[in-house]
Amino acid sequence: MKKVLMLAGDFTEDYETMVPFQALQAIGYQVDVVCPDKKAGDIIRTAIHGFEGEQTYSEKRGHNFALTADFDKVNTADYNGLFITGGRSPEYLRLTPRVIEIVKEFFVAAICHGPQILTAAGVLKGKKATAYPAVGPDITLAGGTYVAVDVDKAVVDGNLVTSPAWPGDSAIVAEFVKLMGTV
């Protein structure tokens, strides 16, 4: 069976977790969602980010999401790719050394603030990537090229696909599946 590892944590963005999780399952992938220091069945809380005209997104409490696998038992050889969700969780998940190791082994999709983990992993040097605009300077400082695209688009460079926010869920999932060579 085709398998994707999804990395998420508390206050991951709701749509950037739920929609790719369900879309990948709908096309035949087993999606194992993990978080450091948590096990299958543990709950992470999500946040809903809205674009309502302020200088940045608004944030509201989202749904509870039950993790589907144990972080400590992840064997990266079992997976076709890694999907990194956005929201606030990337800012603290990137502090876990095993998260950084995992990122270096895959075809990767990262949405919104997810590229914060990629910058910490040092995998963006010479790569083009997009993200929520506030993460653009991080991409540049990590040696990558930040690409500003419409919020519903995705950017592909080698083994990497990125999108700025949840309106790009369809684009990032479509490109991620192509990148992995499986449909």
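Use the structure listed above.
Parameters at a glance
Residues numbered from 1 in each chain as written. Predicted model: local features only at pLDDT ≥ 70, side-chain atom pairs only at ≥ 80, totals over all residues. Heavy atoms only, no water. Helix = DSSP H or I, 4+ residues; strand = E, 2+ residues; numbered from the N terminus. Buried < 20%, exposed > 50% of the residue type's maximum accessible area, 1.4 Å probe, protein only. Contact = heavy atoms within 4.5 Å. Areas by Shrake-Rupley, 256 points an atom, 1.4 Å probe, with all protein chains shown as cover. Lys, Arg positive; Asp, Glu negative; His and termini not counted. Charge placed at Lys NZ, Arg CZ, Asp CG, Glu CD. Phe/Tyr/Trp six-rings, centres within 6.5 Å; stacked < 30°, edge-to-face > 60°. Lys NZ or Arg CZ within 6 Å of the ring centre and 35° of its normal. Pairing = 2+ DSSP bridges. Expected span 1.5 Å × (residues − 1). Polar contact = N/O pair within 3.5 Å; in protein donor to acceptor, adjacent residues only side chain to side chain. Salt bridge = Lys/Arg side-chain N within 4 Å of Asp/Glu carboxyl O. Axes fitted to C-alpha atoms, helices over the stretch in contact; angles between N-to-C directions.

Draft legend 1. The arrangement of the overall build of the chain in detail. Per the secondary structure count, the chain includes 6 helices and 11 strands. Each principal axis of the C-alpha atoms in the chain carries an extent, and together these give about 40 × 35 × 30 Å. Looking at the 183 residues of the chain, the share that counts as buried comes to 51%. Considering only contacts within the chain whose residues lie at least 6 apart along the sequence, 65% involve residues at least 24 apart. Working note: accessible area of the chain is about 8000 Å², and carbon and sulfur atoms make up 52% of it. Considering the chain, the positive charge centre built from 17 side chains and the negative charge centre built from 22 side chains are found 4 Å apart.

Draft legend 2. Layout of the packing of aromatic side chains. On inspection of all chains with the given rule, the structure shows 3 aromatic pairs. Centroid distance Tyr15 to Trp166: 4.9 Å. Interplanar angle 70 degrees. Geometry classified as edge-to-face. Taken together, the residues span a long stretch of sequence, with Tyr15 in helix α1 (residues 14-26) and Trp166 in the loop between β11 (160-163) and α6 (169-180) at a distance of 151 residues. The exposure class assigned to Trp166 is partly exposed, which follows from its relative accessible area of 26%. Look at Phe21 and Phe65: their rings are 5.1 Å apart centre to centre, the planes differ by 85 degrees, and that puts the pair in the edge-to-face class. Of this pair, Phe21 sits in helix α1 while Phe65 sits in strand β5 (residues 58-66), placing them 44 residues apart in sequence. Phe21 gets classed as buried once you look at its relative accessible area, which sits at 11%. On the basis of relative accessible area, Phe65 is assigned to the buried category, the value being 4%. The ring of Tyr79 has Lys3 lying over it, and the distance from NZ or CZ to the ring centre is 4.8 Å.

Draft legend 3. Focus on the pairing of strand β3 (residues 30-34). In terms of residue burial, β3 counts as a mostly covered element, since 4 of its 5 residues are buried. Bridging between strand β1 (residues 3-7) and β3 involves 5 bridges; their strand directions are parallel. Note that in β3 the partner of Val4 across the bridge is Val31.

Draft legend 4. Spatial organisation of α1. For α1, built from 13 residues, the straight-helix expectation of 18 Å at 1.5 Å per residue is met to within 8% by its first-to-last C-alpha distance of 18 Å. The complete set of buried residues in α1 reads Asp14, Glu16, Thr17, Met18, Pro20, Phe21 and Leu24. By the N-cap criterion, in which a side-chain oxygen at the helix start approaches the backbone nitrogen of a residue two or three places on, α1 is capped by Glu13, the distance to Tyr15 being 2.7 Å. With its phi angle positive at about 105 degrees, Gly28 sits one or two positions after the end of α1.

Draft legend 5. Inspection of the pattern of salt bridges at higher detail. Under the criterion given, the structure shown has 8 salt bridges. Its salt-bridge partner being Asp10, residue Lys38 comes within 3.7 Å of it at the nearest N-O pair. Taken together, the residues span a long stretch of sequence, with Lys38 in the loop between β3 and β4 (43-50) and Asp10 in the loop between β1 and β2 (12-13) at a distance of 28 residues. A relative accessible area of 22% places Asp10 in the partly exposed class. Between Asp152 and Lys153 there is a salt bridge; the shortest N-O distance is 3.7 Å. On the basis of relative accessible area, Lys153 is assigned to the partly exposed category, the value being 40%. Connected via shared salt-bridge partners are Arg98, Glu101 and Glu105.

Draft legend 6. Representation of the sheet that holds β5. Ordered in space as β2-β4-β5, the 3 strands form an open sheet in which the pairing is mixed. Here the strands that pair on one side only, and so sit at the sheet edges, are β2 and β5. Bridge count for β4 against β5 is 7 bridges, and the pairing is antiparallel. By the bridge assignment, Ile44 is partnered in β5 with Phe65. Across the face of the sheet, α1 comes into contact with β2, β4 and β5 while running at roughly 40 degrees to β5.

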